[in-house]
Amino acid sequence: MIHQFILAAPKPGMTAEEFQDYWVHVHAVKFAAKIPQIRRYLIDSRVPFDGDRGTPALPHQGMAEIWLANEEEQLASLQTEEFLQGARLDEPNWAAFWMTIVLDTDAHEIVPGPPLTEARPSWVKLTTLIKRRPGLSLDDYRKQTLGNYAPAVSGLPGLRRHLHAHTRDGFYTFGEAGFDSVEQIWFDDVDALGEALASPYYAERVKPALDAVADPAHVFSLASREDWIIGPQEKP
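Everything numeric here is computed off the predicted structure, so don't read it as measured data. (Residues numbered from 1 in each chain as written. Predicted model: local features only at pLDDT ≥ 70, side-chain atom pairs only at ≥ 80, totals over all residues. Heavy atoms only, no water.)

### Let's talk about unusual backbone geometry
Negative phi characterises most residues that are not glycine, and trans characterises most peptide bonds. For clarity, the cut-off: Secondary structure elements follow DSSP: runs of H or I no shorter than four residues count as helices, runs of E no shorter than two count as strands, and numbering proceeds from the N terminus.
The omega torsion of the bond from Thr-55 to Pro-56 falls at -5°, within 30 degrees of zero and hence cis. Its location among the elements puts Pro-56 in the loop between β2 (40-46) and β3 (62-68). Looking along the chain, the bond that leaves Gly-231 and enters Pro-232 is cis, with omega of 15°. Inspection of the secondary structure puts Pro-232 in the segment after β8 (214-230).

Put into C-alpha cells, the structure is as follows:
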C-alpha cells in the first residue's frame, strides 16, 4: 500500500482559512474523492502551534494523505478523467501548485491508535518531514529511524499514536529525494503536544536520537486536525 503525502499552500490572495475550507469542502469532495483508485483520503488542516519546526517555517497550510494499492493503480489514477479533467484542473483555483510537496511512502505504525472502524477522537497531529544527515546512507537511516529514533519518540508523555513512513525507492531514481521520511505523532490537543515537546524526556531522549539521524536544516513540521474524506475504513 502506498501512503502518499501532498503538502499544499494557498494561492496568492487566499487566506489560510479560505484555502482550508475550499480544499475540504469543495476540491476534496467534488473532485479528488471521485478518482476511483483512491482507497482512503484524508485532509490535514494546519492549526496554530508555536512548536512547529523549521526555519523558515513551512508555508503550507494543509496536507492530503492518500492511500493507493500499488504503483499500477497510482499510474492509472493519473490517467483518469476524474484526475485530468477534475482534480488537476481545479488546483489553480485554490493552491499555489508550484509549492506543492509530494512524497510516496511505506508506512510503519509504531504505536497503533484506535481501530479504524471506531469513531476517532479529535486529536491534534504533528507531521514532520525529515532529511537524513550528510554522510548517513539511506539504508542506515532507515534502520536507525526504526531501531533507535522511533522507539524514543514512542515514549513521549501523552502520545496517542505514532507513525513513521519512509520515502519509497522511486523518489531516488534520479538523485536524492527532498525528504527521507515522514513522521506523525498524535496527542489529545495542542497543549498536550506542546507539553510533550517541552518535556525533559524529549530533551534527554528524543532530541539526541533525532540529531543522530537528521540534518537539522531539513526538519520541518506542521500541526493539524484531521478531516476524513474517504475513510477511515478503506474503500472496497
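### A look at the sheet that holds strand β1 (residues 2-8)
Here is the rule we go by: Here, a strand pair is defined by DSSP locating no fewer than two bridges between the strands. A fitted line through C-alpha atoms represents every axis, and for helices the fit uses only the stretch in contact; the resulting angles, taken between N-to-C directions, go from 0 to 180 degrees. By the convention used here, residues are in contact when the closest approach between their heavy atoms is within 4.5 Å.
Strand order in the closed barrel made by the 8 strands is β1-β3-β2-β8-β5-β7-β6-β4, with antiparallel pairing throughout. Direction aside, neighbouring strands of the sheet carry axes that sit 35° apart on average. As paired strands, β2 and β8 are joined by 6 bridges and run antiparallel to one another. Looking at the pairing, Ser-45 lines up with Arg-225 of β8. Its contacts with the sheet put helix α1 (residues 16-31) on β1, β2, β3 and β8, and the angle it makes with β2 is roughly 165°. Strands β5 (124-132) and β8 of the sheet are contacted by helix α6 (residues 200-213), whose axis makes an angle of about 110° with β8.

### Topic: the layout of surface pockets
Where we set the bar: With a 1 Å grid laid over protein atoms only, a set of points is called a cavity when a 1.4 Å probe fits there but cannot get out and a pocket when it is open yet has protein on both sides within 12 Å along at least five of seven lines; lining residues have an atom within 4 Å of a point. Grid points are joined across faces, edges and corners, and a volume is the space filled by probe spheres set on the points. Only Asp, Glu, Lys and Arg are considered charged, only Ala, Val, Leu, Ile, Met, Phe, Trp, Tyr, Cys and Pro nonpolar, and every remaining residue, Gly among them, polar.
Put simply, the largest pocket is a space of about 620 Å³. Lining the largest pocket are 27 residues, and of these Gln-4, Ile-6, Leu-78, Phe-83 and Glu-91 sit closest to its centre. Of all the elements in the fold, those that place two or more residues in the lining of the largest pocket are β1, α1, β3, α2 (71-77), α3 (81-90) and β4 (101-111). Ranked by residues supplied to the lining of the largest pocket, first place goes to α2 with 4 residues. Taken together, the residues of the lining of the largest pocket break down into 18 nonpolar, 5 polar and 4 charged. Forming the boundary of the second largest pocket are 22 residues, of which Arg-40, Trp-67, Glu-109, Arg-161 and Leu-163 lie nearest the centre. Elements with a minimum of two residues in the lining of the second largest pocket: β1, β2, β3, β4, β6 (161-167), β7 (181-187) and β8. Broken down by class, the residue content of the lining of the second largest pocket amounts to 12 nonpolar, 3 polar and 7 charged.

### Structural notes on the side chain of Thr-127
Operational definition: We define a polar contact as two N or O atoms separated by no more than 3.5 Å, with the added condition that, inside protein, one atom must be a possible hydrogen donor and the other a possible acceptor, whereas residues neighbouring each other in sequence contribute only through side-chain atom pairs.
Checked against the element boundaries, Thr-127 lands in strand β5. One polar contact links Thr-127 to Gln-184, side chain to side chain, over a distance of 3.0 Å. In contact with Thr-127, other than residues within four places in its own chain, are Met-63, Val-182, Glu-183, Gln-184, Phe-220, Ser-221 and Leu-222.

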